[in-house]
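Survey of secondary and tertiary structure
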Amino acid sequence: MARAATTTDAFNAVAEPRRREILDLLAQGERPVNDFVHLLGLAQPQVSKHLRVLREVDLVRVREEGRQRVYRLNPAPLKPIYEWLATYEQRWNERFDRMDDVLNDLTKETNDADDD
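In this report, the structure presented in the accompanying data block is examined. (Residues numbered from 1 in each chain as written. Predicted model: local features only at pLDDT ≥ 70, side-chain atom pairs only at ≥ 80, totals over all residues. Heavy atoms only, no water.)

**Considering the pattern of salt bridges**
Rules: The salt bridge criterion pairs a side-chain nitrogen of Lys or Arg with a carboxyl oxygen of Asp or Glu, the two atoms within 4 Å. Each residue's exposure class comes from its accessible area (1.4 Å probe, protein chains only) as a fraction of the maximum for that residue type: buried when under 20%, exposed when over 50%, partly exposed otherwise.
Overall, the coordinates contain eight salt bridges when judged by the stated rule. In this structure, E65 and R63 form a salt bridge, with 2.8 Å as the shortest nitrogen-oxygen distance. A relative accessible area of 42% means that E65 is categorised as partly exposed. Since its relative accessible area comes to 29%, R63 is described here as partly exposed. In this structure, R69 and E64 form a salt bridge, with 3.1 Å as the shortest nitrogen-oxygen distance. Shared partners join several salt bridges into a network, and the residues in it are E30, R63 and E65.

Pasting the structure below:
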């Protein structure tokens, strides 16, 4: 079975852990390629490949600064991922609320038993 192209959308592009690390670093501000090489411990060609994929889905933008290329995050293509996850967030919150209720009941029972 053929693997889906990583450049078709943000979902596929962020499926790769190193690209998520790059996005995390860019969330802190603009960076040149050499910063990623140093911080991630990857070879420059590997970093460039990941940045190319992220550029192709418009998650990063690049500008020339002298002889360097400086990258910055473009968060807009992450919106469909956020919206998709939001449906799950509601379910997680409901489960956490139920778990809070159970824990509160257990704490109350423990405190009542200690009072006896």
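**Here we look at helix α3 (residues 33-40)**
The criterion, for reference: Only runs of H or I of at least four residues qualify as helices and only runs of E of at least two qualify as strands under DSSP, and these elements are numbered from the N terminus. Read the arc as the range of directions from the helix axis to the C-beta atoms. By definition in these notes, contact holds between two residues if any of their heavy atoms fall within 4.5 Å.
Taken as a whole, α3 has its buried residues at V33, F36 and L40. End-on view of α3: buried residues confined to an arc of 60 degrees, all on one side of the axis. Pointing more than 90 degrees away from the buried face of α3 are the exposed residues N34 and H38. Of the surrounding secondary structure, the elements contacted by the buried residues of α3 are α2 (17-26), β1 (31-32), α4 (44-56) and β3 (68-73).

**Points about the nonpolar core**
Across soluble globular proteins, nonpolar side chains show a tendency to be buried alongside one another. This is how the line gets drawn: Nonpolar core, defined: a set of buried Ala, Val, Leu, Ile, Met, Phe, Trp, Tyr and Cys residues in which side-chain atoms within 4.5 Å join the residues together.
Judged by nonpolar contacts, the single largest core of 20 residues is most densely connected at I22, F36, L51, L54, L59 and Y71. Secondary structure elements with two or more residues in this core: α1 (10-13), α2, α3 and α4. Excluding residues within four positions of it along the chain, I22 makes contact with F36, L40, H50, L51 and L54.

**Brief notes about the side chain of R19**
Just so we agree on the cut-off: The charge count treats Lys and Arg as positive and Asp and Glu as negative. His and the chain ends do not count. Between N or O atoms, a polar contact is any pair within 3.5 Å; within protein, one atom must be a potential hydrogen donor and the other a potential acceptor, and residues adjacent in sequence are included only when both atoms are from side chains.
Mapped onto the fold, R19 is located in helix α2. Comment: no salt bridge for buried R19; closest opposite-charge side chain is E16, at 4.8 Å. A polar contact of 2.7 Å, which involves the side chain of R19, links it to the backbone oxygen of A13.

**Points about a nonpolar patch on the surface**
The following threshold applies: Two distance rules govern patches: like charges are joined within 9 Å, and nonpolar side chains (Val, Leu, Ile, Met, Phe, Trp, Tyr) within 5 Å, applied only to residues with over 30% relative accessible area and no salt bridge. To measure how exposed things are, a 1.4 Å probe is used in the Shrake-Rupley method; for residues, cover is taken only from the protein chains shown.
Residues F11, W84, L85, Y88, W92, F96, M99, V102, L103 and L106 make up a contiguous nonpolar surface patch of about 980 Å² in total accessible area. Mapped onto the secondary structure, L103 falls in helix α5 (residues 79-115).

**Re the packing of aromatic side chains**
Cut-off, in case you're wondering: Under the pairing criterion, centres of Phe, Tyr and Trp rings, with the six-membered ring standing for Trp, must be within 6.5 Å; the plane angle then separates stacked pairs below 30 degrees from edge-to-face pairs above 60, leaving the rest tilted.
Summed over all chains, the structure comprises two aromatic pairs. Here F11 and W84 contribute two aromatic rings whose centre-to-centre distance is 6.0 Å and whose plane-to-plane angle is 80 degrees, an arrangement assigned as edge-to-face. Of this pair, F11 sits in helix α1 while W84 sits in helix α5, and the two are 73 residues apart along the sequence. Its relative accessible area of 46% is what places W84 among the partly exposed residues. Seen from their ring centres, W84 and Y88 are 5.2 Å apart, and the 65 degrees between their planes marks the pair as edge-to-face. Taken as a pair, W84 and Y88 lie in helix α5 at a separation of four residues, close to a single helical turn. For Y88, a relative accessible area of 32% gives the class partly exposed.

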